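Residues per chain are reported as follows:
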Amino acid sequence: MSFEVNTTPRENSPSPPMASASVVALNVGGELFQTTAATLSLAGASSPLASLAPSPPNAPHFLDRDPRLFALILSFLRCGRLASPPPSPALLAEARHFALDDALLASLSPASAFSPLSLRPAALLPLTGRVAPSVVAISPSPRTASLFAAHGGVVTSFDAALASRTSVLTPLPAVDSLVAVSPALALAGARDFPGVHLCRFPGDAPATVSEALSWPDSPSASVLSLAATAASEAASQWLFASFESARRNSSAVVAFDLNSLSPVVEIGRKEVFGADVEAAIPPTKLGWLAGHSLLLAAGSHSGPAGMVGDIRLWDVRASSTVPVWEVREKEDCFADVAASDSLSALFKVGAASGEVFMADLRRLGGDGIGVEPWVCIGDEKRASAATASRRKDGNNCRVECYRNWVFVARGADVEVWSQVELTSEAGKKKVMRRNWVGNGPSMITAGSVEVEGVIEKAKIVSWAFGGSRMALARVDQQSIEVWDSASGAIPVNL
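Definitions and cut-offs
Residues numbered from 1 in each chain as written. Predicted model: local features only at pLDDT ≥ 70, side-chain atom pairs only at ≥ 80, totals over all residues. Heavy atoms only, no water. Helix = DSSP H or I, 4+ residues; strand = E, 2+ residues; numbered from the N terminus. Buried < 20%, exposed > 50% of the residue type's maximum accessible area, 1.4 Å probe, protein only. Contact = heavy atoms within 4.5 Å. Areas by Shrake-Rupley, 256 points an atom, 1.4 Å probe, with all protein chains shown as cover. Phe/Tyr/Trp six-rings, centres within 6.5 Å; stacked < 30°, edge-to-face > 60°. Expected span 1.5 Å × (residues − 1). Polar contact = N/O pair within 3.5 Å; in protein donor to acceptor, adjacent residues only side chain to side chain. Pairing = 2+ DSSP bridges. Axes fitted to C-alpha atoms, helices over the stretch in contact; angles between N-to-C directions. Core = buried A, V, L, I, M, F, W, Y, C linked by side-chain atoms within 4.5 Å. Salt bridge = Lys/Arg side-chain N within 4 Å of Asp/Glu carboxyl O. pLDDT = per-residue confidence, 0-100.

1. As for the overall build of the protein chain
- Along the backbone of the protein chain there are five helices and 34 strands.
- Here the protein chain holds 494 residues, and the buried ones make up 48% of them.
- In the protein chain, the share of contacts with a sequence separation of at least 24, taken over all contacts with a separation of at least 6, comes to 53%.
- When the accessible surface of the protein chain is totalled, it reaches about 23000 Å², and 51% of it is carbon and sulfur.

Right, dumping it as structure tokens:
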């Protein structure tokens, strides 16, 4: 139904002398509403509501819409949130009519409401097919926290309300890398298949898989890792893709402009000569630090002498051949590494010790040779003993940073590290303290009824953070767990 506005003034209908110059009167489907121009302007410049001028009650603007749904839209504009989430399909359609659907969905999972110790199971989202999910992703703030999951060669998208699901089949036999660029776009890659594939979810049309992005010097190269800049950081949004040639003898990170879908720069190209594989370890973990304009690229190799890894930080504006900092990891090489913008630090889990280490970005410099950047924030004595005995306590551990917290996945459980102050005096010292996420019973679903009970949890194979949520994929589980810390989070079962 079209948007109809009657702004023709009635004849011989004088305006009340005391009428406010900012009050807007609206006749919506025969029901009178009054609000202010400032409230309607919160709908944004793209919404037709923002263009309505002040009008008196005896000459209201006419909108041929459902007054019950409009009352909810107006309440959302006034309060910034829905009075009773989640929104119905009819309300989402009405919000889309007024160009408010993105803002409404974003309010369901605001990043400002994220609190790791308040995370609770909110939804268990089943996936079609027989293949368990391999990787999950959540679109970044300030956009709506849409969730994507790859299972086999299929990528499935859930909207922020977790009320609708759309799937698309990619040419990939199995997706290993997945990055959510926006609620309408996810990028997928695989370690044994060439190219980065663009999965588009337009919302009002069927999902599609379009052109593949490849390494210009090696079109058959497979994808090891993906990372993207946020749309709000610059006019051009970039994708970083780590490629390895089909013969495993060369690798590079390639930056693409997502507006033009063209390669912009090749970063850190490496060639393998002879059997010296350790001299050219390709990056298998990428991360973008928006506040520092740095790209994290890390990769490791397991050989007869143990694990060896490289961690590099690149300022792509300054050089694509020389990193601003790098370190070669040998003793207690990282099982996983991540970077935190808000904490200005790198974090790793030692493959031998399983302990968490921190490196302050503000103190990193030079090429890292002869400099030990890491400080153990866990049990230092245990880390030393495990490293000396060459144990593998950190195998399969994962680390990720979100906002002001650091998360570590150990098997089936998630621990969280928070920065706390020891004293409020000048020169205060800060330390990292550990807690556990979700000590309560695990959520299981029987039919359409959710029950709680103590069950044996499966190992976490992938996770993602966005808005007020954490999404988990577990081994051999054909579903995605969604944990939410927003007050009033609604349990959902699709």
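The structure having been displayed, the exposition proceeds.
2. Here's the deal with the packing of aromatic side chains
- One pass over the structure, following the stated rule, counts 13 aromatic pairs.
- Aromatic pair Phe114 and Phe465: ring centres 6.4 Å apart, planes at 85°, arrangement edge-to-face. A residue pair is termed long-range when its members are at least 10 positions apart, and Phe114 in the loop between helix H4 (101-106) and strand E4 (120-126) and Phe465 in strand E31 (residues 460-466) qualify at 351 residues.
- Note on Phe465: relative accessible area 11%, which makes it buried.

3. Focus: helix H2 (residues 67-79)
- With 13 residues, H2 should cover 18 Å at 1.5 Å per step; its first-to-last C-alpha distance of 18 Å lies within 8% of that length.
- Those residues of H2 lying buried are Pro67, Leu69, Phe70, Ile73, Leu74, Phe76 and Leu77.
- Where H2 is buried, its residues touch strand E1 (23-28), strand E2 (31-36), helix H1 (37-41), strand E3 (61-63), helix H3 (89-97) and H4.
- With a side-chain oxygen positioned 2.9 Å from the backbone nitrogen of Arg68, the residue opening H2 is Asp66.
- Of the residues one or two after H2, Gly80 is the one with positive phi, at around 80°.

4. Concerning the sheet that holds strand E24 (residues 375-376)
- Strands sit in the order E21-E22-E23-E24 across an open sheet of four strands; the sheet is antiparallel. Of all strands in the sheet, those bounded by a partner on one side alone are strand E21 (334-340) and E24.
- Looking at chain direction, strand E22 (residues 345-350) and strand E23 (residues 356-360) are connected through five bridges and run antiparallel. In the sheet register, Val349 faces E23, and the bridge partner there is Val356.

5. Regarding the environment of Ala246
- The residue Ala246 is located in the loop between strand E14 (238-244) and strand E15 (250-257) in this model.
- When the C-alpha positions of Ala246 and Ala221 are compared, they lie 5.2 Å apart, and in sequence the two are 25 residues distant.
- Residue contacts for Ala246: discarding those within four places in its chain leaves Ser220 and Ala221.

6. Re the sheet that holds E2
- Taking strand neighbours across the sheet as the criterion, the three strands line up as E2-E1-E3 in an open arrangement whose pairing is mixed. Both edges of this open sheet fall to E2 and E3, since each of them pairs with a single strand only. Taken pair by pair, the neighbouring strands of this sheet meet at an average axis angle of 30°, ignoring direction.
- In this structure, E1 lies alongside E2, joined through six bridges in antiparallel fashion. If you follow Val23 over to E2, its bridge partner there is Thr36.

7. Points about the nonpolar core
- Leu26, Leu40, Leu49, Phe70, Leu77, Leu100 and Leu104 are the most contacted members of the largest nonpolar core, which totals 26 residues.
- Those elements giving two or more residues to this core turn out to be E1, H2, H3 and H4.
- In terms of residues, this core owes the most to one element, H2, which gives six residues.
- In this structure, Leu26 is in contact with Glu31, Leu32, Phe33, Thr35, Leu52, Pro60, His61, Leu63 and Phe70, ignoring residues within four places of it in sequence.

8. Side note on the pattern of salt bridges
- Inspection of every chain in the model, using the stated rule, returns 23 salt bridges.
- Measuring nitrogen to oxygen at the nearest pair gives 3.5 Å for the salt bridge that ties Glu244 to Arg248.
- Glu244 gets classed as buried once you look at its relative accessible area, which sits at 11%.
- Linked by salt bridges that have partners in common, Asp217, Glu266, Arg269 and Glu271 make up one network.

9. Observations concerning the confidence of the model for the protein chain
- On average, residues of the protein chain score 85 in pLDDT, and 85% of them reach the 70 mark or higher.
- The model gives residues 440-454 a pLDDT under 50, and that stretch makes 24 contacts with residues more than four places away or in other chains.

10. A short note on the pairing of strand E7 (residues 154-158)
- Within E7, four of the five residues are buried, leaving the element largely enclosed by the surrounding structure.
- Judged from the five bridges that link them, strand E6 (residues 147-151) and E7 form a sheet pairing that is antiparallel. Its bridge partner being in E7, Ala149 is matched across the sheet by Thr156.

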